[in-house]
Amino acid sequence: MSTDRAAAAVASADTPTTPPGGGRHLGLALIVIAAAQLMVVLDATITNIALPAIQTDLDVTDANLAWIVNSYALAFGGLLLLGGRAGDLFGRRRMFQTGIAVFTLASLLGGLAPDEGLLIAARVLQGVGAALAAPSALALITTTFPQGKPRNTAMGVYAAMGGVGATVGLLLGGTLTDLLDWRWVFFVNIPIGLAVLTGTKTLVEAERHPGRLDIPGAITGTGGLIALVYGITRGGEHGWTDAPALASFAGAAVLLTTFLLLQARTTDPMLPLRLLKDRSRSGSYATMLFIGAGMFATFYFLTLYMQLILGYSPVKTGFAYLPFSFGMATAAGVSSKLITHFAPRLIAGPGLLVGAVGMFWFATLEPDSSYAAHLMPAMFVTALGLGMSFVPMTLGAVSGVAHHDTGIASALLNTAQQIGGALGLAVLSTIATSAANDKLPDAATTLYRALATKDFALAARAHEALTQGYTMAFAAAGAMFLAGLVVTVLAINAQRQHTEVDAGAVHMG
């Protein structure tokens with residue numbers, strides 16, 4: 001599809017009927033969508049810092065502790081396509097409201113959970129709610145905000161929440177755990193969720209589209225994605241030759257192949273394959289896969305470095321991430337303005353290059369590196385690069401998409417980020433563990449033992465080994481960003497996106 005035809009399609013299909021109140025209602029609608037995206041994204045990280053307290057309080061085994069995090073990612077990533085298609089068929093505002101309601105209820109159950117089984121079940125339910133809400137949130141931007149400056153601003157805020165939410169999650173997780181109790185990392189979602197539900201009346205519901213839910217496609221597609229995410233997670237924890245991990249990959253290959261064959265033949269597919277025929281759109285999805293892989297791993301390894309190597313407390317670790325949030329928000333705001341003047345790849349490409357520079361900067365960390373001179377500037381540079389990349393990739397995922405397909409197009413973008421995050425974390429964890437063990441076998445366990453026995457010489461050796469593992473992972477993450485840069489240069493449309501404000505468009509106040 002040419003850029004002009006794509007622009008025409010967006011203009012005719014996606015231009016909303018402005019709600020009463022004009023700019024005032026658009027501002028409230030933006031707050032609602034931003035708050036929802038923030039809540040969904042931060043919950044992927046907010047429990048990380050609280051894990052030690054959860055393990056002690058509920059007597060969680062080491063094997064099950066990781067599933068308090070992974071169960072959310074598994075349900076979220078596996079059900080996104082189903083959630084996106086449900087929004088297209090049954091109404092996006094309705095599915096958005098349903099998702100937020102489920103997420104809020106699950107947060108209450110998680111905070112009240114008396115044991116690990118119910119807590120993990122609550123995390124799965126949170127993932128279900130997030131999978132229903134997230135694709136509809138992005139799609140509602142196209143129905144609520146007029147094309148041009150208002151929509152670009154909304155996209156910029158939405159994209160910024162992707163990075164800001166993750167860092168806010170780390171900050172809140174540390175603060176709430178230290179000052180109150182780990183249960184508040186779940187309870188904090190309740191007032192946010194209720195406020196979002198109250199504000200959904202400002203969102204413009206798109207007309208419901210005829211069709212039926214593709215049940216065989218939902219079963220094979222959802223099952224394949226869940227098997228893939230589980231295999232990636234299991235392989236990262238137990239090794240890539242682990243029998244259950246290999247079985248999951250085999251099952252994912254069979255189910256996803258069957259899914260694609262079904263989608264090519266059914267009249268109402270869950271994933272219309274026509275969405276993947278546009279090279280720029282497919283390039284946006286592929287690039288987001290690499291961005292997710294590098295970004296999620298960054299939070300994981302930086303958190304370990306700051307707590308295990310530098311000895312930061314949970315609260316101090318959370319506040320240390322503030323430059324990342326500031327960099328993401330700043331860059332997303334700038335790129336949402338640049339997108340009206342420059343081609344998407346001329347913004348995303350340099351952004352990925354800057355992000356890779358930040359990653360390679362992290363790869364030079366030493367056990368005694370300074371926060372002010374090393375960590376903080378590297379963090380800010382990485383965030384700037386990612387913030388510059390998110391907006392063009394987000395716009396590219398839904399630009400030129402027919403109105404009845406925007407939900408599933410949005411879900412594909414979120415799926416790419418989640419699958420990329422799971423894959424990146426699993427692969428880079430393997431790299432980090434291998435590199436650390438080459439220098440000192442069982443480096444993490446050795447560090448805990450050395451600190452308990454006050455064997456400071458052994459602790460220093462463990463610090464060096466672990467730091468070597470982390471820096472190798474950062475270097476590999478930088479390579480992932482460069483791979484995304486290659487995809488961007490080769491696949492993303494070189495022409496400027498049509499983002500002019502329509503004559504009758506209402507600007508946000």
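Scroll up for the structure.
Read on for a plain summary of the structure. Since the structure is predicted, the reported quantities are computational estimates derived from the model, not experimental observations.

1. Examining helix 6 (residues 92-112)
Turning to step 1, where the next piece is worked out: End to end, helix 6 covers 30 Å across 21 residues, agreeing with the expected 30 Å (1.5 Å per residue, within 8%).
Turning to step 2, where the next piece is worked out: Taken together, the buried positions of helix 6 are Arg 92, Met 95, Phe 96, Gly 99, Ile 100, Phe 103, Thr 104, Ala 106, Ser 107, Gly 110 and Gly 111. Seen along its axis, helix 6 keeps its buried residues to an arc of 170°; they face one direction.

2. Description of the packing of helix 13 (residues 279-309) against helix 16 (residues 344-362)
If you want to describe how two helices pack, look at the angle between their axes and the distance between the axes.
Turning to step 1, where the next piece is worked out: Between helix 13 and helix 16, whose axes approach to 12 Å, the crossing angle comes to 30°. For the element pair helix 13 / helix 16, the angle class is roughly parallel. Taken as a pair, helix 13 and helix 16 cross one another with a handedness that is left-handed. On the side of helix 13, the interface is formed by Thr 287, Ile 291, Gly 294, Thr 298 and Leu 302, while helix 16 contributes Leu 352, Met 359 and Phe 362.
Turning to step 2, where the next piece is worked out: Taken together, the residues that form the contact of helix 13 with helix 16 break down as five nonpolar, three polar and no charged.

3. Let's talk about helix 5 (residues 67-90)
Turning to step 1, where the next piece is worked out: Look at helix 5: 32 Å from first C-alpha to last across 24 residues, which is about the 34 Å you get at 1.5 Å a residue.
Turning to step 2, where the next piece is worked out: The principal kink in helix 5, of about 50°, is found at Leu 80.
Turning to step 3, where the next piece is worked out: Counting buried residues along helix 5, 21 of its 24 residues qualify, which places the element largely inside the surrounding structure.
Turning to step 4, where the next piece is worked out: Once helix 5 ends, the next one or two residues include Gly 91, with phi positive near 105°.

4. Quick look at the packing of helix 16 against helix 20 (residues 456-491)
Turning to step 1, where the next piece is worked out: In the contact formed by helix 16 and helix 20, the axes pass within 8 Å of each other and the chain directions differ by 170°. Relative to helix 20, the element helix 16 lies roughly antiparallel. In terms of crossing hand, the pair formed by helix 16 and helix 20 is left-handed. Between helix 16 and helix 20, the contacting residues are Arg 345, Ala 348, Gly 349, Leu 352, Leu 353, Gly 355, Ala 356, Met 359, Phe 360 and Phe 362 on the first element and Thr 471, Phe 474, Ala 475, Ala 477, Gly 478, Ala 479, Phe 481, Leu 482, Gly 484, Leu 485, Thr 488 and Val 489 on the second.
Turning to step 2, where the next piece is worked out: Class assignment of the residues belonging to the contact of helix 16 with helix 20 gives a composition of 15 nonpolar, six polar and one charged.

5. Describing the layout of surface pockets
Turning to step 1, where the next piece is worked out: Estimated volume of the second largest pocket: approximately 440 Å³.
Turning to step 2, where the next piece is worked out: Leu 225, Leu 289, Leu 412, Thr 415 and Ala 416 are the residues nearest the centre of the second largest pocket, which is lined by 18 residues in total.
Turning to step 3, where the next piece is worked out: Listing elements by their share of the lining of the second largest pocket, those giving two or more residues are helix 11 (215-238), helix 12 (243-265), helix 13 and helix 18 (406-439).
Turning to step 4, where the next piece is worked out: Here the residues of the lining of the second largest pocket are counted per class, giving 16 nonpolar, two polar and no charged.
Turning to step 5, where the next piece is worked out: When we break the lining of the second largest pocket down by domain, the ones giving at least three residues each are domain 2 (215-265) and domain 3 (275-497).

Cut-offs used in this document
- Residues numbered from 1 in each chain as written.
- Predicted model: local features only at pLDDT ≥ 70, side-chain atom pairs only at ≥ 80, totals over all residues.
- Heavy atoms only, no water.
- Helix = DSSP H or I, 4+ residues; strand = E, 2+ residues; numbered from the N terminus.
- Expected span 1.5 Å × (residues − 1).
- Buried < 20%, exposed > 50% of the residue type's maximum accessible area, 1.4 Å probe, protein only.
- Arc of directions from axis to C-beta.
- Axes fitted to C-alpha atoms, helices over the stretch in contact; angles between N-to-C directions.
- Parallel < 35°, antiparallel > 145°, perpendicular 65-115°, else oblique.
- Left-handed = near helix turned anticlockwise from the far one by under 90°.
- Contact = heavy atoms within 4.5 Å.
- Nonpolar A, V, L, I, M, F, W, Y, C, P; charged D, E, K, R; others polar.
- Bend = angle between axes of the 7 residues up to and from the residue.
- 1 Å grid on protein atoms, 1.4 Å probe; cavity = no way out; pocket = protein on both sides within 12 Å on 5 of 7 lines; lining within 4 Å.
- Points joined across faces, edges and corners; volume = space filled by probe spheres on them.
- Domains from an automatic or database assignment.

Spatial relationships are all this shows, so hold off on functional conclusions.
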